[in-house]
Amino acid sequence: MSWLLVIVSTIVVWVASLFKILNSSRSQSNAAFLTTGDKKNVLLVIAHPDDESMFFSPTINYLTSRRHNLHILCMSNGNADGMGNIRKDELHRACAVLKIPLEQVKVLDLVDFQDGFDKLWNHKSLAKIVEEEVVNCSIDLIITFDNYGVSGHCNHRDVHHGIWSYLNGTSERNIEAWELMTTNILRKYSGPLDIWLSILSATQYRRGQVHCLLNEHPKKSFLAMSQHHSQWVWFRKLFVSFSSYTYVNTLKRIND
């Protein structure tokens, strides 16, 4: 009987969480981020094709639904297994699903920025590339990984440190920068249930320093990730289903 109660309670909370997500456009936690009338030029800096769909889709859906001008800078084409060109095309297809213009998606294939756990990226070189993108696209705001990079992948972490290097070296103080906060492993695989903890944790920071963005279009996130055919194996299907990053992103301001 006790197990039945646990199962029923879990189902009820799960359904309530999904209901909250589907109504997130009216959520105060969502409404607080980029509320000014001016449309912003936003640069999302990622390490590999599929990062955008696996980790940042709540943020992307939030920005595109409000017609902010989103650019993606992908620092590698994910060529660790020799499928760089395939993965680049998959990223373009995913971005089409996510309503990001393909001319605003840049995928690099540079010797110094190759995909791999044993590939360390130069932070100063990365900062220079980001600076050029900021200038060329008149970027107002940057979004990227935090210091741990969700999964701990060294390329994710190098992107974070490269952004830090850029921010510390630039004289342009009007650029905002936000990082996707990493959660612990229990929260990471709690699916939509994590939205309640994410909203609660955001209240522990001073106003405006952290924003919790619920995914207004979770089905679109699944469809976008499915465009990465080379990566769409069973364990990634499970990840996207149960990952809290499919349902909520918590962004923390870096240069506050």
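Refer to the structure presented above.
Described below are features of the structure shown in this document. (Residues numbered from 1 in each chain as written. Predicted model: local features only at pLDDT ≥ 70, side-chain atom pairs only at ≥ 80, totals over all residues. Heavy atoms only, no water.)

Brief notes about the overall build of the chain
Stage number 1. Scanning the chain from terminus to terminus reveals 11 helices and seven strands.
Stage number 2. Out of the 256 residues belonging to the chain, those deemed buried represent 52%.
Stage number 3. Long-range pairs, those at least 24 residues apart, make up 82% of the contacts in the chain with a sequence separation of at least 6.
Stage number 4. Per element, the accessible surface of the chain, about 12,500 Å² overall, is 56% carbon and sulfur. (Helix = DSSP H or I, 4+ residues; strand = E, 2+ residues; numbered from the N terminus. Buried < 20%, exposed > 50% of the residue type's maximum accessible area, 1.4 Å probe, protein only. Contact = heavy atoms within 4.5 Å. Areas by Shrake-Rupley, 256 points an atom, 1.4 Å probe, with all protein chains shown as cover.)

Focus on the sheet that holds strand 3 (residues 105-107)
Stage number 1. Spatially, 3-2-1-4-5-7-6 is the arrangement adopted by the seven strands of the open sheet, whose pairing is mixed. Edge positions in the sheet fall to strand 3 and strand 6 (210-214), since each has one partner strand and no second. In this sheet, neighbouring strand axes are inclined to one another by 20° on average, regardless of whether the strands run parallel or antiparallel.
Stage number 2. Judged from the five bridges that link them, strand 4 (residues 141-145) and strand 5 (residues 176-180) form a sheet pairing that is parallel. (Pairing = 2+ DSSP bridges. Axes fitted to C-alpha atoms, helices over the stretch in contact; angles between N-to-C directions.)

Re the pairing of strand 4
In summary, the side chains of a regular strand alternate between the two faces of the sheet.
Stage number 1. For strand 4, the tally of buried residues reaches five of five residues, placing the bulk of the element in the interior.
Stage number 2. Taken together, the three bridges between strand 1 (residues 41-46) and strand 4 define a ladder with parallel strand orientation. Within strand 4, the position partnered with L44 by the bridge is I143.

Quick notes on the nonpolar core
Stage number 1. Ranked by size, the top nonpolar core spans 35 residues in total, and within it F33, L44, F55, F56, L63, I100 and I143 carry the most contacts.
Stage number 2. Among the elements that line this core, the one with the most residues is helix 5 (residues 84-97), at four residues.
Stage number 3. Those residues in contact with L63 that sit more than four places away from it in its chain are F33, L34, V42, H68, L70 and I143.
Stage number 4. Core analysis: the second largest hydrophobic core is formed by 23 residues, V45, L73, V134 and A177 among them. (Core = buried A, V, L, I, M, F, W, Y, C linked by side-chain atoms within 4.5 Å.)

Considering the side chain of S198
Stage number 1. Checked against the element boundaries, S198 lands in helix 9 (residues 194-202).
Stage number 2. Setting aside anything within four residues of it in sequence, one finds S198 in contact with R187, C212, V248 and T250.

Concerning unusual backbone geometry
Excluding glycine, a negative phi dihedral is what most residues carry, and trans is how most peptide bonds are arranged.
Stage number 1. Although it is not a glycine, D50 sits at a positive phi angle of roughly 100°.
Stage number 2. Position of D50 among the secondary structure elements: in the loop between strand 1 and helix 3 (51-54).
Stage number 3. With relative accessibility at 5%, the residue D50 sits in the buried group.
Stage number 4. Within the chain, S138 stands out as a residue other than glycine whose phi angle is a positive 50°.
Stage number 5. Following the sequence through the fold, S138 ends up in the loop between helix 6 (123-136) and strand 4.
Stage number 6. On the basis of relative accessible area, S138 is assigned to the partly exposed category, the value being 45%.

A closer look at the packing of aromatic side chains
Stage number 1. With the rule as written, the count across this model stands at nine aromatic pairs.
Stage number 2. Here the aromatic rings of F55 and F239 are separated by 6.1 Å at their centres, their planes lie at 85°, and the arrangement is edge-to-face. One end of the pair, F55, is in the loop between helix 3 and helix 4 (57-65); the other, F239, is in helix 11 (residues 234-242), and 184 residues separate them in sequence.
Stage number 3. Among the residues examined, F55 registers a relative accessible area of 4% and is labelled buried. (Phe/Tyr/Trp six-rings, centres within 6.5 Å; stacked < 30°, edge-to-face > 60°.)

Let's talk about the layout of surface pockets
Stage number 1. Of the pockets and cavities examined, the largest pocket occupies roughly 490 Å³.
Stage number 2. Lining the largest pocket we find 21 residues, and of these D50, F117, H153, Q231 and R236 sit closest to its centre.
Stage number 3. Within the residue set of the lining of the largest pocket, elements represented by two or more residues are helix 3 and helix 11.
Stage number 4. Looking at the lining of the largest pocket element by element, the count peaks at three residues for helix 11.
Stage number 5. Looking at side-chain class alone, the lining of the largest pocket contains eight nonpolar, seven polar and six charged residues. (1 Å grid on protein atoms, 1.4 Å probe; cavity = no way out; pocket = protein on both sides within 12 Å on 5 of 7 lines; lining within 4 Å. Points joined across faces, edges and corners; volume = space filled by probe spheres on them. Nonpolar A, V, L, I, M, F, W, Y, C, P; charged D, E, K, R; others polar.)

Examining helix 4
Stage number 1. In terms of burial, helix 4 is largely enclosed, as eight of its nine residues are buried.
Stage number 2. Residues of helix 4 that are buried include every one of S57, P58, T59, I60, N61, Y62, L63 and T64, and no others.
Stage number 3. Once helix 4 ends, the next one or two residues include R67, with phi positive near 65°.

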